[in-house]
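# Secondary and tertiary structure notes
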Amino acid sequence: MTIAPEVLPADPAATAPGLLADTYRHLAACCEALDVHVAEAGPATGHSLRPAGPWVDAAELARNPDALGAFVDAEATRLQRRFRRAPRRDTAASRALHDYAWSVSMLMSGPWYLHRRVARIHPHDIRVNPATGAFEITPGPGFLCLPGDPAAARLPGVRTLPHEQALHAELRAAVADHMRPLLAAIGPHIRRGQRALWGMVADDLLSGIWHLGRLLGQEEQAVQAATDLLPRAIPPFPGGADFRHLPGSNGRSHTTRTRLGCCLYYTIRPGEACLTCPRTCDAERVQRLEF
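In short, a report on the structure. (Residues numbered from 1 in each chain as written. Predicted model: local features only at pLDDT ≥ 70, side-chain atom pairs only at ≥ 80, totals over all residues. Heavy atoms only, no water.)

### As for the overall build of the protein
Applied cut-off: Elements are defined by DSSP. Helices are runs of H or I of four residues or more, strands are runs of E of two residues or more, and each kind is numbered from the N terminus. Radius of gyration here is computed from C-alpha atoms only, and the compact-globule reference equals 2.2 Å multiplied by the residue count raised to the power 0.38. Relative accessibility thresholds used throughout: buried, under 20% of the residue-type maximum; exposed, over 50%; partly exposed, between the two (1.4 Å probe, protein chains only). Only heavy atoms matter for contacts: two residues are in contact if any of them lie within 4.5 Å across the pair. Accessibility throughout is a Shrake-Rupley quantity obtained with a 1.4 Å probe, and a residue counts as covered only by protein chains that appear here. Here the positive residues are Lys and Arg and the negative ones are Asp and Glu; neither His nor the chain ends is included. A charge is said to be at NZ when it belongs to Lys, at CZ for Arg, at CG for Asp and at CD for Glu.
For the protein, the count of helices and strands is 8 helices and 9 strands. Against the globule reference of 19 Å for 291 residues, the protein gives a C-alpha radius of gyration of 19 Å, in line with a compact fold. Here the protein holds 291 residues, and 52% of them are scored as buried. Considering only contacts in the protein between residues 6 or more positions apart, those separated by 24 or more positions represent 65%. Working note: accessible area of the protein is about 13500 Å², and carbon and sulfur atoms make up 55% of it. Side chains of the protein give 32 positive and 29 negative charges; the mean places of these two sets differ by 6 Å.

See the structure below:
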């Protein structure tokens, strides 16, 4: 089933940033795991009009070691509070990166999945509150879409691409370009190579689409969309979606995949590795899915 782009409102004041803002709010409303506030853009700068607070943008995380260190420290504090044990430094950094990559990827893949629109999120467009892990985003000035999208003919800042494959390539590039500076900065904290780091980004991109599909009662459709987006290793992503089905009881079937990277959650709870972790065997996956 194809997801039709949303119909533009009759309001002649509709803008591309406004449509993106509506989509981001919809994602936040239907996805509890996505903690994001949508900021209004200023007329001249395009930056948030909200008063300054304990927020740091992605560009600052990538270029300022002190800001990045505080970001990792805050994650370590949250993990210690939640699990009542101090995490390893590389675990705190890995979990911080995982939460960031999942949230930002969802904000890029969500408009694509729902409406076949791809909007780049530049480092200064997204801010994180290190103390809470919440995000704030300022919608960008435009997006890419397919020729049938009604926004293409009416709104400035909207450009069309000829087909789905071109839109797939743009989404992969948008995620990769956003994450690349942060991976370079946080990699030494995680002590993992580039393949492992990009594996985590691929996992978070794919799992966000999968998660959104399940929330909407469209798991099969979302799995196919994620597979079309990343059917195999496409640099810098080291592998494809590789979804598969596990036979369960009473004729049931469960969709799963095995992660390409690792968020190191198992170092906090050794007996509770992630459901898609390579450490979790298929029998355990079925057991956990059914009980």
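### What to know about the pairing of strand β9 (residues 253–256)
Across a regular strand the side chains alternate sides, sitting on one face of the sheet and then on the other. This is how the line gets drawn: Strand pairing follows a simple DSSP-based rule, namely that at least 2 bridges must link the two strands.
The sheet contact formed by strand β8 (residues 244–247) and β9 spans 4 bridges and is antiparallel. When the bridges of β9 are listed, Pro247 appears paired with Ser253.

### Remarks on the nonpolar core
We apply this condition: The set of buried Ala, Val, Leu, Ile, Met, Phe, Trp, Tyr and Cys residues whose side-chain atoms join them within 4.5 Å is what this entry labels a nonpolar core.
Leu97, Tyr100, Trp112, Ile126, Phe143 and Met179 are the most contacted members of the largest nonpolar core, which has 83 residues in total. If you tally residues by element for this core, the top one is helix α4 (residues 89–115), at 14 residues. When near neighbours in sequence (up to four residues on either side) are disregarded, Trp112 contacts Arg117, Val118, Leu167, His168, Leu171, Ile209, Ala225 and Leu229.

### As for the environment of Glu219
To keep it simple, the criterion reads: Throughout this description, a polar contact denotes any pair of N or O atoms lying within 3.5 Å of each other; where both atoms belong to protein, one of them has to be capable of donating a hydrogen while the other can accept it, and for residues adjacent in sequence the pair is counted only when both atoms sit in side chains.
Along the chain, the position of Glu219 falls in helix α7 (residues 219–229). In contact with Glu219, other than residues within four places in its own chain, are Trp210, Gly213, Arg214 and Thr255. Only 2.8 Å separates the side chain of Glu219 from the side chain of Trp210, close enough to count as a polar contact.

### Here's the deal with the sheet that holds strand β6 (residues 143–145)
The sheet built from 3 strands is open, its strands ordered β3-β6-β7 with mixed pairing. Each of the sheet's edge strands pairs with one partner strand only, and the pair in question is β3 (117–118) and β7 (158–160). Pairing geometry for β3 and β6, over 2 bridges, is antiparallel. Pairing of Arg117 across the sheet is with Cys145, part of β6.

### Looking at the sheet that holds strand β4 (residues 126–128)
Pairing is mixed in the open sheet, where 4 strands are placed in the order β1-β5-β4-β2. The open sheet is flanked by β1 (36–38) and β2 (56–57), the only strands paired with a single partner. Where β1 lies against strand β5 (residues 135–137), 3 bridges are found, and the strand directions are parallel. Opposite His37, over in β5, you have Glu136 as the bridge partner.

### Describing the packing of helix α3 (residues 65–83) against α4
Geometrically, a packed helix pair is captured by the angle between its two axes and the distance between the axes. Selection criterion: Note on definitions: angles span 0 to 180 degrees between N-to-C directions of axes, and those axes are lines fitted to C-alpha atoms, for helices only across the stretch in contact. To sort the angles, those under 35 degrees are grouped as roughly parallel, those over 145 as roughly antiparallel, those from 65 to 115 as roughly perpendicular, and the leftovers as oblique. Lys, Arg, Asp and Glu make up the charged group, whereas Ala, Val, Leu, Ile, Met, Phe, Trp, Tyr, Cys and Pro make up the nonpolar group; the residues left over, Gly among them, are polar.
Running from N to C, α3 and α4 cross one another at 100°; their axes reach a closest spacing of 8 Å. One way to sum up the angle between α3 and α4 is to call them roughly perpendicular. Packed against α3, whose contacting residues are Gly69, Phe71, Val72, Asp73, Glu75, Ala76 and Leu79, the element α4 presents Arg89, Ala92, Ala93, Arg95, Ala96, Asp99 and Tyr100 at the interface. Taken together, the residues that form the contact of α3 with α4 break down as 8 nonpolar, 1 polar and 5 charged.

On their own, these measurements won't tell you what the molecule is for.
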